[in-house]
Amino acid sequence: MTKYTEDDLREELKTKEYEYGFYTDIESDTFPIGLNEDVVRAISLKKEEPEWMTDWRLEAFRAWEEMIEPEWANVNYVKPDFQSISYYSAPNTKPKYDSLDEVDPELLETFKKLGISLDEQKALAGVAMDVVIDSVSVATTFKKTLNEKGIIFCSMSEAIKEHPELVRKHIGTVVPQKDNFYAALNSAVFSDGSFCYIPKGVRCPMELSTYFRINQANTGQFERTLVIADEGSYVSYLEGCTAPSRDENQLHAAVVELIAMDDAEIKYSTVQNWFPGNSEGKGGVFNFVTKRGLCEKNAKISWTQVETGSAITWKYPSCILKGDNSVGEFYSIAVTNNYQQADTGTKMIHLGKNTKSTIISKGISAGKSQNSYRGLVQISARAENARNFSQCDSLLMGNDCGAHTFPYIEVKNKSSIIEHEATTSKIGEDQIFYCNQRGIDTEKAIALIVNGFSKEVLNKLPMEFAVEAQKLLEISLEGSVG
Amino acid sequence: MLKINNLHASVEDKAILRGINLEVKAGEVHAIMGPNGSGKSTLASVIAGKEEYEMTDGEILLENENINEMAPEERAHKGIFLSFQYPIEIPGVSVTNFMKTAINETRKAKGLPDMPANEMLKMIREKSEMLEIDRKFLSRSLNEGFSGGEKKRNEIFQMAMLEPKLAILDETDSGLDIDALRIVANGVNKLRSKDNAVIVITHYQRLLDHIVPDFVHVLFEGRIVKSGGKELAHELEEKGYDWIKEEVNA
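In this text, all values refer to a predicted model and were calculated from it rather than measured experimentally.

Engineer: I would appreciate a short explanation of the overall build of chain B in the present structure.
Structural biologist: Helix and strand counts for chain B come out as nine helices and twelve strands. Split into buried and exposed, the 250 residues of chain B put 54% on the buried side. Partitioning the contacts of chain B with sequence separation of at least 6, the portion at a separation of at least 24 is 68%. Approximately 11,100 Å² of chain B is accessible, and the part contributed by carbon and sulfur atoms is 46%.

Engineer: Even after reading the chapter, I still don't get the packing of aromatic side chains, so can you show me in this structure?
Structural biologist: Within a pair of aromatic rings, the relevant descriptors are the distance that separates the centres and the angle that separates the planes. Evaluated as defined, the whole model comprises 22 aromatic pairs over all chains. For the ring pair W314 of chain A and Y316 of chain A, a centre distance of 5.5 Å and an interplane angle of 80 degrees mean the geometry is edge-to-face. Y316 of chain A carries the same exposure label as W314 of chain A, and that label is buried. Summarising the aromatic geometry, the rings of F433 of chain A and F84 of chain B are spaced 5.7 Å apart at their centres and angled 75 degrees between planes, so their arrangement reads as edge-to-face. Of this pair, F433 of chain A sits in helix α10 (residues 429–437) while F84 of chain B is found in the loop between β6 (80–83) and β7 (90–94), placing the two residues in two different chains.

Engineer: What exactly am I supposed to notice about the sheet that holds strand β3 (residues 29–33) of chain B here?
Structural biologist: The strands that make up a sheet pair up through hydrogen bonds in the backbone, lying either parallel or antiparallel. Residue and element names in this part refer to chain B. Across the sheet, six strands lie side by side as β6-β9-β10-β3-β11-β12; this open sheet has mixed pairing. The open sheet has two edge strands with one neighbour each: β6 and β12 (223–228). Ignoring strand direction, the axes of neighbouring strands in this sheet form an average angle of 20 degrees. Two elements, β3 and strand β10 (residues 197–201), share four bridges in a ladder whose sense is parallel. Bridge assignment links A31 to a residue of β10, and that residue is V200.

Engineer: How do you make sense of helix α5 (residues 148–162) of chain B when you look at a structure like this?
Structural biologist: Spacing of three or four residues puts side chains on the same side of an α-helix, whose turn is 3.6 residues. All names here are of chain B. Helix length check: α5 (15 residues) gives 21 Å between terminal C-alpha atoms against 21 Å at 1.5 Å per residue, within 8%. The buried fraction of α5 is high, at twelve of 15 residues. Immediately beyond the C-terminal end of α5, within one or two residues, lies E163, with a positive phi of roughly 45 degrees.

Engineer: Teacher, can you tell me more about the sheet that holds strand β1 (residues 2–11) of chain B here?
Structural biologist: Residue and element names in this part refer to chain B. In space, the four strands of this open sheet follow the order β2-β1-β4-β5, with antiparallel pairing throughout. With partners counted over all chains shown, the strands left at the sheet margins are β2 (14–24) and β5 (65–66), one partner each. Note that strand β4 (residues 53–62) and β5 share two bridges and pair antiparallel. Bridged to L61 within β5 is N66.

Engineer: Explain the pairing of β12 of chain B here, please?
Structural biologist: Regular strands place side chains that alternate from one sheet face to the opposite one. Residue and element names in this part refer to chain B. Bridge analysis of strand β11 (residues 215–220) against β12 gives five bridges, and the strand direction is antiparallel. Each bridged residue has a counterpart across the sheet, and for H217 the counterpart in β12 is S227. Once β11 ends, the chain turns through two residues before running back antiparallel as β12, passing E221 with a positive phi of about 50 degrees.

Engineer: Teacher, can you tell me more about the pairing of strand β13 (residues 284–295) of chain A here?
Structural biologist: Residue and element names in this part refer to chain A. Counting buried residues along β13, twelve of its twelve residues qualify, which places the element largely inside the surrounding structure. When strand β11 (residues 255–260) meets β13, the two strands line up parallel, connected through six bridges. Within the sheet, the bridge partner assigned to V255 lies in β13 and is T290. Bridge count for β13 against strand β15 (residues 312–315) is four bridges, and the pairing is parallel. Bridge pairing links F286 to I312 in β15. When β13 meets strand β16 (residues 318–321), the two strands line up parallel, connected through four bridges. If you follow R292 over to β16, its bridge partner there is S318.

Cut-offs applied
- Residues numbered from 1 in each chain as written.
- Chains lettered and ligands numbered in written order.
- Predicted model: local features only at pLDDT ≥ 70, side-chain atom pairs only at ≥ 80, totals over all residues.
- Heavy atoms only, no water.
- Helix = DSSP H or I, 4+ residues; strand = E, 2+ residues; numbered from the N terminus.
- Buried < 20%, exposed > 50% of the residue type's maximum accessible area, 1.4 Å probe, protein only.
- Contact = heavy atoms within 4.5 Å.
- Areas by Shrake-Rupley, 256 points an atom, 1.4 Å probe, with all protein chains shown as cover.
- Phe/Tyr/Trp six-rings, centres within 6.5 Å; stacked < 30°, edge-to-face > 60°.
- Pairing = 2+ DSSP bridges.
- Axes fitted to C-alpha atoms, helices over the stretch in contact; angles between N-to-C directions.
- Expected span 1.5 Å × (residues − 1).

Structure representation (structure tokens):
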């Protein structure tokens with residue numbers, strides 16, 4: 001791994017433009033802009049969904065119409081006009097392929113630019129990928145290996161067709177349709193996403209990985225992910241994102257639901273690198289995401305995220321610790337540069353006895369950006385001996401950025417123990433000069449300092465992801481000092 | 001090796017160095033002494049290229065090459081090493097990782113590939129043994145929670161790893177107990193060769209008992225006002241700096 005991070009990185013640091021700012025012209029099937037019940041029906045029809053699914057979407061849509069966009073987050077932006085967005089876009093190359101040779105060459109080219117070619121992915125480290133490009137899955141690998149273990153890993157559309165009983169039973173149980181404005185919107189119009197089911201007692205033998213892409217101009221991306229880990233099972237799930245640069249704002253409102261049944265464990269890791277807008281704050285993705293996991297008895301859910309992209313981030317991966325002895329973890333690195341704004345954190349809802357949660361949040365702000373940690377630790381009356389540890393560290397670069405911490409603690413049981421630690425520091429000229437004096441240039445020095453600051457979280461990522469994450473941290477902070 | 005001609009430097013428009021002339025040849029050890037505020041640390045920083053200091057006149061030549069306009073990292077690549085008086089902490093970055101980055105960045109600047117891991121390991125083992133450094137120490141975050149002695153020993157360890165042509169030791173003796181002082185001095189002595197040079201900046205004589213200088217210079221009000229052999233250091237130890245001040249002002 002060292003070779004890749006050290007060498008290739010240096011090369012990449014030379015490029016000043018957003019690295020993944022290209023656009024692939026894949027012929028798409030795109031709906032006209034606007035949203036109403038007919039559009040919702042049409043999406044459902046297009047995806048050949050059963051009636052219960054259509055009704056479920058409509059129910060969400062009706063709820064959404066009554067809701068207003070939340071304004072409590074520490075972010076400022078011009079609200080998107082939801083009637084000027086197209087809610088469906090699917091690549092025409094729809095059939096699935098058995099081999100990469102059959103995949104649209106232009107698509108493969110896209111992956112090459114991203115440095116995550118399927119070829120490599122197949123060969124490397126045993127990562128199976130469900131690739132989501134513009135909302136419809138076009139390639140799934142390693143499916144056979146997974147099949148043998150009884151693991152289901154497919155697109156959400158496929159799951160609705162092939163495993164309707166599982167989807168119907170679990171969808172919306174962790175994030176209900178009416179949970180919040182964006183979740184309701186997602187429930188109504190979600191285009192596709194990933195579905196994963198690990199049977200009882202099965203340990204998933206490989207990291208499951210999904211790469212999201214927003215590719216078509218003006219098509220909001222509404223992903224829906226559902227991961228179910230049955231009793232005593234284990235899965236590690238990776239979600240990585242890049243997007244082409246674009247002038248208009250792009251809306252992304254995803255929902256991720258995790259269900260960890262008794263004694264199960266889910267690790268969910270994200271590297272998010274959507275277009276953050278240019279250095280003047282123009283363009284960039286609006287990222288309004290609802291991620292939540294439910295832990296039954298002795299279950300464990302770990303969220304690890306590296307957020308470097310998006311103009312606006314609104315995201316709180318949370319754990320509902322329902323079962324006794326269940327464990328929730330949240331490890332986060334959020335980087336903001338230029339005019340980016342991030343309001344991110346977690347919610348740890350302790351319901352069961354002896355439940356435990358850990359929050360480690362590292363915020364790095366540069367340029368004119370604003371970076372907020374917002375976290376809730378809630379101990380219910382029944383949660384005897386609940387335990388939480390939170391640590392929120394902020395690193396500032398320059399004098400024009402902001403770091404904010406909004407911890408909320410609600411305790412209704414006296415037997416709980418809650419700890420909260422917070423620090424704020426600044427990269428100093430002396431630190432940089434020290435590195436310079438040892439032959440390390442300023443960009444590299446910043447990368448070193450930032451990686452050191454983020455180490456506790458980077459260590460939580462699976463190896464192949466840690467490399468990419470480290471790379472992203474460096475790219476994101478390019479040119480932020482001096 | 002190093003030639004400094006008529007060096008003037010200021011910080012925030014305040015003149016600190018006011019015409020320094022100094023020549024250091026390969027294989028030599030020069031001690032620079034002087035009272036507080038005479039400009040000793042400034043001289044070290046200016047040679048290393050710290051940006052807050054503005055060179056207003058003169059030139060610095062390293063192996064006959066003018067380095068006035070070079071960035072600090074370029075100077076480091078050319079073989080200038082500064083052992084800091086107050087080494088900075090970098091949380092989360094281990095001593096090993098820091099050294100690996102520094103060495104490979106320097107190699108890269110010279111068009112060399114990264115140092116192979118086994119070679120790096122061998123070097124780390126050798127140099128840490130030489131400086132009596134516990135290997136566990138190398139996995140700790142750079143200077144974080146280090147004692148004064150550990151910080152200084154770590155500076156000399158870095159010097160040993162980077163094998164500079166010109167090493168400037170800025171008040172390396174401050175904060176060291178007598179044992180640590182001996183270890184650090186022994187390390188420096190082992191690193192001395194006919195091809196490199198050392199500038200020792202110190203307030204006191206005691207370090208010079210261990211690292212014996214070929215020349216001693218006294219810096220006062222931004223100028224070198226007196227130069228001599230190692231016996232000058234003893235004289236200063238005995239008589240203090242007042243007589244120098246009187247001599248200058250006379």
